[in-house]
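Coordinate inspection notes
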Amino acid sequence: MMFAMDVSPEMTLPKDESAYIAKVDARERGGDTPNGFEAGAVKLANDGTTYSLTMVNQSAQPWIFYVYQTFPQQTSDIFSLAWLASPYKIVPKAQITFKWQVNYTFLWAQTGVLQPGVSFVAGMSIDADPAAGDTTQFSVNPGPNLTPAQPGGGLGTLTIYDQSDVPNSQFSVGIGMGDAGTFATQAGTNLKHVFTPTPSYWVAAGIDQKVGTVLDIQTVTQTAPIIYPANVYSLTATLQNDNTWTVTP
């Protein structure tokens, strides 16, 4: 985990630091929405495209706003996590902005039995690359750890091999974008987990979700897909008074 700092769109990141965690920046106000603020909740590298998503509450009540990802044809043993989440409820007329880059990671967490409602709090995060460092091993000796990522999996996939010392139903492994988890699955003795990172983004409104909350995507309400058109990197998702979303550039 890297150190925290404020990041604004005009700030150029120092070249000698590869990544940062941006914290909530209450100074970035949203025009005529004085309760709005900007939160860069995941790792920002000094290269690559930065995506921006502003979530605006025009409904009648406050909500936790969060973002999660899904895979096409997602299997039942892979859980989506609340990837980005507002640190508190966003009141009517307020907004929050999230920013990220597509930087993949491998993660593990001690979750016990992985099921909806459990919190996936990563104990370790290492860089992953579907085109290069795409494979890692998870072991619990001398303590829970992931080996540095190496080539070896299928092109365009990310693979985790659980070793023979990994107990069943105690740990979970997964992948993330930046330092926040996006998908998790139960770890166990000699298991192999293959992720194909072709995610879809979704926005949602809830009451108690936090970053890392394990979701049952079949029961998520007040949700809508977020699709970035070609050469568009900033979108606004507005929760309307009827609790439906509209998405605009």
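Residues numbered from 1 in each chain as written. Predicted model: local features only at pLDDT ≥ 70, side-chain atom pairs only at ≥ 80, totals over all residues. Heavy atoms only, no water.

So, about the overall build of the protein. Secondary structure summary: the protein contains zero helices and 22 strands in total. For the protein, the proportion of its 249 residues judged to be buried stands at 49%. Put simply, of all contacts in the protein between residues at least 6 apart along the chain, 64% involve residues at least 24 apart. (Helix = DSSP H or I, 4+ residues; strand = E, 2+ residues; numbered from the N terminus. Buried < 20%, exposed > 50% of the residue type's maximum accessible area, 1.4 Å probe, protein only. Contact = heavy atoms within 4.5 Å.)

A few words now on the packing of aromatic side chains. All told, the structure shown has 15 aromatic pairs when counted by the stated rule. Arranged with centres 6.1 Å apart and planes meeting at 15 degrees, the rings of tyrosine 51 and tryptophan 100 form a pair that is stacked. Of this pair, tyrosine 51 sits in strand S6 (residues 51-57) while tryptophan 100 sits in strand S10 (residues 95-100), and the two are 49 residues apart along the sequence. Classification of tyrosine 51 as buried rests on a relative accessible area of 18%. Take tryptophan 100: its relative accessible area is 1%, and that puts it in the buried class. (Phe/Tyr/Trp six-rings, centres within 6.5 Å; stacked < 30°, edge-to-face > 60°.)

Reading across from one edge, S9-S7-S19-S20 is the order of the four strands in this open sheet, with antiparallel pairing throughout. Both outer strands of the open sheet, strand S9 (84-85) and strand S20 (223-226), are each paired with one neighbouring strand and no more. Where strand S7 (residues 64-70) meets strand S19 (residues 200-206), seven bridges bridge the pair, whose relative direction is antiparallel. Its bridge partner being in S19, tyrosine 68 is matched across the sheet by tryptophan 202. (Pairing = 2+ DSSP bridges.)

Attention now goes to the side chain of threonine 111. As for its placement among the helices and strands, threonine 111 is situated in the loop between strand S11 (104-110) and strand S12 (124-128). Exposure remark for threonine 111: the relative accessible area of 13% places this residue in the buried category. A distance of 2.6 Å separates polar atoms of two side chains, one belonging to threonine 111 and the other to serine 172. Contact partners of threonine 111, with chain neighbours within four places excluded, come to Val118, Ser119, Phe120, Gln170, Phe171, Ser172 and Gln186. (Polar contact = N/O pair within 3.5 Å; in protein donor to acceptor, adjacent residues only side chain to side chain.)

Picture the strands of a sheet paired through backbone hydrogen bonds; they go either parallel or antiparallel. If you trace the five strands from one edge of the open sheet to the other, you get S8-S17-S16-S11-S12, paired in antiparallel fashion. Each edge of the sheet is formed by a strand with only one pairing partner; in this case those strands are strand S8 (79-80) and S12. With six bridges joining them, strand S16 (residues 171-177) and strand S17 (residues 180-186) adopt antiparallel strand pairing. For isoleucine 175, the partnering residue across the bridge sits in S17 and is phenylalanine 183.

By the element assignment, valine 232 lies in the loop between S20 and strand S21 (234-239). For the pair formed by valine 232 and tyrosine 51, sequence separation is 181 residues and the distance between their alpha carbons is 8.6 Å.

With that settled, the discussion passes to unusual backbone geometry. Proline 142 follows asparagine 141 through a cis peptide bond whose omega is 0 degrees. Within the fold, proline 142 resides in the loop between strand S13 (135-139) and strand S14 (145-146). A positive phi angle, close to 55 degrees, is found at glutamine 73, a residue other than glycine.

What follows covers the nonpolar core. Counting 44 residues, the largest nonpolar core has Leu53, Met55, Phe65, Trp100, Phe138, Val203 and Trp245 as its most contacted members. For this core, the element with the most residues is S16, which contributes four residues. Setting aside residues no more than four positions away along its own chain, methionine 55 makes contact with Phe65, Tyr66, Val67, Ala94, Gln95, Ile96, Phe98, Val203, Ala204, Ala237 and Trp245. In this structure, Phe79, Val118, Phe120 and Val214 belong to the second largest nonpolar core, which totals nine residues. (Core = buried A, V, L, I, M, F, W, Y, C linked by side-chain atoms within 4.5 Å.)

All right, on to the environment of threonine 105 then. Along the chain, threonine 105 turns up in strand S11. Taking the C-alpha atoms as reference points, threonine 105 and methionine 177, separated by 72 residues in sequence, lie 6.0 Å from one another.

With 81% of its residues at a pLDDT of 70 or more, the protein shows a mean pLDDT of 84. Taken together, the stretch residues 1-46 has pLDDT below 50 and engages in 111 contacts with residues farther than four places along the chain or on a different chain. (pLDDT = per-residue confidence, 0-100.)

The next subject is the environment of alanine 184. You can see alanine 184 is positioned in strand S17. Residue class for alanine 184 comes out buried when judged on its relative accessible area of 0%. Remark: the alpha-carbon pair of alanine 184 and glycine 174, spanning 10 residues in sequence, is separated by 4.1 Å. The contact partners of alanine 184, leaving out residues within four places of it in the chain, are Asp77, Ile78, Phe79, Leu81, Leu114, Phe120, Val173 and Gly174.

With that settled, consider the side chain of glutamine 209. Relative to the helices and strands, glutamine 209 resides in the loop between S19 and S20. Judged by relative accessible area, glutamine 209 falls into the buried class, the value being 15%. A polar contact is formed between the side chain of glutamine 209 and the backbone nitrogen of isoleucine 207, at a distance of 3.2 Å. In contact with glutamine 209, not counting residues within four places along its chain, are Ile64, Tyr66, Ala85 and Leu215.

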